[in-house]
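Examining the three-dimensional arrangement
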Amino acid sequence: MLGLQNKMNTKVHPDWINQGYAWYRAAWIECAELMDHQGYKWWKKQQADVEQVQLEVIDIWHFGMSAKFTPGADIENLADDIVAELSSRQPNPSDVLTATEALAANCLATKGFSVALFWDLLESAGLDFNQLYKQYVGKNVLNFFRQDHGYKDGSYIKVWAGQEDNEHLSEIMSELDMASEDFAGQVYQALQQRYPTA
């Protein structure tokens with residue numbers, strides 16, 4: 001996943017690691033979006049949209065992994081660091097909103113990203129590593145698709161056929177086999193078939 005994230009970030013900016021982007025900021029903003037999907041408003045009826053909550057968790061992971069890269073970083077060493085952080089993690093089971101707030105607070109306090117707190121959120125949202133991987137690959141493909149279709153210059157159409165692209169992605173992912181050798185290619189092709197051409 002680190003390798004895929006590096007490729008995506010490189011597509012946006014070839015020298016992304018040295019740009020000093022505030023990845024922690026993007027992560028905590030995604031936390032706020034997640035809370036909207038989970039529902040926190042006691043003054044009105046709300047139903048948690050679990051699928052969208054899980055997609056926000058995946059978005060947070062994109063930015064969290066990006067935050068772990070530093071100039072001269074080696075992907076294998078980064079992976080080892082992440083595994084080490086998870087190995088020493090003291091699980092802190094909680095509800096989705098509490099886990100989200102803990103991660104967002106850490107992002108703001110440290111201007112970094114805690115993989116351990118992210119993992120608490122992942123588990124509270126009902127995801128495991130295999131689901132993280134599958135959904136990450138799908139969202140990574142969607143991000144490439146967005147870039148290839150004008151996301152950076154503003155010409156990308158995010159809503160088509162009455163659905164946001166994330167919703168199309170969810171439907172596509174439910175129909176495909178993650179174990180397929182060309183899983184990523186199949187996701188991209190399915191998005192291409194659905195995307196409006198005119």
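Summarised in this report is the structure supplied together with it. (Residues numbered from 1 in each chain as written. Predicted model: local features only at pLDDT ≥ 70, side-chain atom pairs only at ≥ 80, totals over all residues. Heavy atoms only, no water.)

Unlike most non-glycine residues, lysine 111 shows phi in positive territory, near 55°. Secondary-structure assignment places lysine 111 in the loop between helix 5 (96-110) and helix 6 (115-124). Despite not being glycine, alanine 161 shows a phi value in the positive range, around 50°. With respect to the helices and strands, alanine 161 occurs in the loop between strand 1 (159-160) and strand 2 (163-164). (Helix = DSSP H or I, 4+ residues; strand = E, 2+ residues; numbered from the N terminus.)

Attention shifts here to the pattern of salt bridges. All chains considered together, the criterion is met by seven salt bridges. Across the salt bridge formed by aspartate 59 and lysine 139, the nearest N and O atoms sit 2.5 Å from each other. In this pair, aspartate 59 is assigned in helix 3 (residues 50-68) and lysine 139 in helix 7 (residues 129-148), connecting sequence segments 80 residues apart. For lysine 139, a relative accessible area of 1% translates into the label buried. (Salt bridge = Lys/Arg side-chain N within 4 Å of Asp/Glu carboxyl O. Buried < 20%, exposed > 50% of the residue type's maximum accessible area, 1.4 Å probe, protein only.)

Below, the discussion takes up the nonpolar core. One finds Val57, Ile60, Trp61, Leu103, Phe113, Phe118 and Leu121 to be the most contacted residues of the largest nonpolar core, which totals 45 residues. Of all elements in the fold, only helix 2 (23-38), helix 3, helix 4 (75-87), helix 5, helix 6, helix 7, helix 8 (165-175) and helix 9 (183-194) reach the threshold of two or more residues within this core. Contact partners of phenylalanine 113, with chain neighbours within four places excluded, come to Ala27, Ile60, Trp61, Gly64, Ala67, Lys68, Leu103, Asn106, Cys107 and Phe118. (Core = buried A, V, L, I, M, F, W, Y, C linked by side-chain atoms within 4.5 Å. Contact = heavy atoms within 4.5 Å.)

What follows is about a nonpolar patch on the surface. A grouping of Tyr40, Trp42 and Trp43 is seen on the molecular surface, where their side chains present a nonpolar patch of about 470 Å² in accessible area. By the element assignment, tyrosine 40 lies in the loop between helix 2 and helix 3. (Patch = residues over 30% accessible without salt bridge, like charges linked within 9 Å, V, L, I, M, F, W, Y side chains within 5 Å. Areas by Shrake-Rupley, 256 points an atom, 1.4 Å probe, with all protein chains shown as cover.)

All right, on to helix 9 then. Taking 1.5 Å per residue as the helical rise, helix 9 with its 12 residues ought to reach 16 Å, and the 17 Å between its terminal C-alpha atoms agrees with that figure. Buried within helix 9 we find Phe183, Val187, Ala190 and Leu191. Seen from one end, helix 9 has its buried residues packed into an arc of 100°, which puts them on one side. If you follow the buried residues of helix 9, they end up packed against helix 7 and helix 8. (Expected span 1.5 Å × (residues − 1). Arc of directions from axis to C-beta.)

Inspection of the secondary structure assignment puts histidine 168 in helix 8. Side-chain polar atoms of histidine 168 contact the side chain of arginine 194, separated by 2.9 Å. What histidine 168 contacts, discounting residues up to four positions off in sequence, is Trp160, Ala161, Gln163 and Arg194. (Polar contact = N/O pair within 3.5 Å; in protein donor to acceptor, adjacent residues only side chain to side chain.)

What follows covers the packing of helix 1 (residues 2-12) against helix 3. Direction vectors running N to C along helix 1 and helix 3 enclose 90°, while the axes themselves pass 10 Å from each other. Our classification of the angle between helix 1 and helix 3 gives roughly perpendicular. Contacts between helix 1 and helix 3 involve Leu2, Gln5 and Asn9 from the first element and His62, Met65 and Ser66 from the second. Broken down by class, the residue content of the contact of helix 1 with helix 3 amounts to two nonpolar, four polar and no charged. (Axes fitted to C-alpha atoms, helices over the stretch in contact; angles between N-to-C directions. Parallel < 35°, antiparallel > 145°, perpendicular 65-115°, else oblique. Nonpolar A, V, L, I, M, F, W, Y, C, P; charged D, E, K, R; others polar.)

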